[in-house]
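Listed below are the residues making up each chain.
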Amino acid sequence: GFTEGAMFSPYIGSVPFVGYVFKSDDPAALKDELLSCADPRWNICTEADETVCEVKGDYVFFVMCPNE
């Protein structure tokens, strides 16, 4: 569902933070797919408190993170 993408996260795996930026021909559909598949417990030892997903033009920003 995307033509380009980048991922960013901390080096230490115990921090529940991961983010992506995607370029898509159908960003609304990609946003829906990401939100339906998002698992805040993707990391075995911790859980993200918040999921944010926004569309701007052809780009989708997605992040799971702590509330701190």
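Scroll up for the structure.
Here's what I pulled together on the structure shown here. (Residues numbered from 1 in each chain as written. Predicted model: local features only at pLDDT ≥ 70, side-chain atom pairs only at ≥ 80, totals over all residues. Heavy atoms only, no water.)

### A few points about the packing of aromatic side chains
Inspection of the entire model under this criterion finds five aromatic pairs. Relative to Phe22, the ring of Tyr20 lies with its centre 5.6 Å away and its plane at 10°, an arrangement referred to as stacked. Residue Tyr20 is classed as partly exposed on the basis of its relative accessible area of 27%. Judged by relative accessible area, Phe22 falls into the buried class, the value being 7%. Geometrically, the ring pair formed by Tyr20 and Phe62 is tilted, given 6.2 Å between the ring centres and 40° between the ring planes. (Phe/Tyr/Trp six-rings, centres within 6.5 Å; stacked < 30°, edge-to-face > 60°. Buried < 20%, exposed > 50% of the residue type's maximum accessible area, 1.4 Å probe, protein only.)

### Overview of a negative patch on the surface
A cluster of like negative charges, contributed by Asp25, Asp26, Asp32, Glu33 and Asp58, occupies part of the molecular surface. By the secondary structure assignment, Asp26 is in the loop between strand 2 (18–23) and helix 1 (27–37). Accessibility expressed as a relative area gives 44% for Asp26, which makes it partly exposed. (Patch = residues over 30% accessible without salt bridge, like charges linked within 9 Å, V, L, I, M, F, W, Y side chains within 5 Å. Areas by Shrake-Rupley, 256 points an atom, 1.4 Å probe, with all protein chains shown as cover. Salt bridge = Lys/Arg side-chain N within 4 Å of Asp/Glu carboxyl O. Lys, Arg positive; Asp, Glu negative; His and termini not counted. Charge placed at Lys NZ, Arg CZ, Asp CG, Glu CD. Helix = DSSP H or I, 4+ residues; strand = E, 2+ residues; numbered from the N terminus.)

### Quick word on the nonpolar core
Core analysis: the largest hydrophobic core is formed by nine residues, namely Val18, Phe22, Leu30, Leu34, Ala48, Cys53, Val60, Phe62 and Met64. Only strand 2, helix 1 and strand 4 (59–65) provide two or more residues apiece to this core. Broken down by element, the residue count for this core peaks at three residues, all from strand 4. If we ignore the near neighbours within four places in the chain, the residues touching Phe62 are Val18, Gly19, Tyr20, Leu34, Leu35, Ala38, Thr51, Val52 and Cys53. (Core = buried A, V, L, I, M, F, W, Y, C linked by side-chain atoms within 4.5 Å. Contact = heavy atoms within 4.5 Å.)

Worth remembering: the numbers are spatial, not functional.
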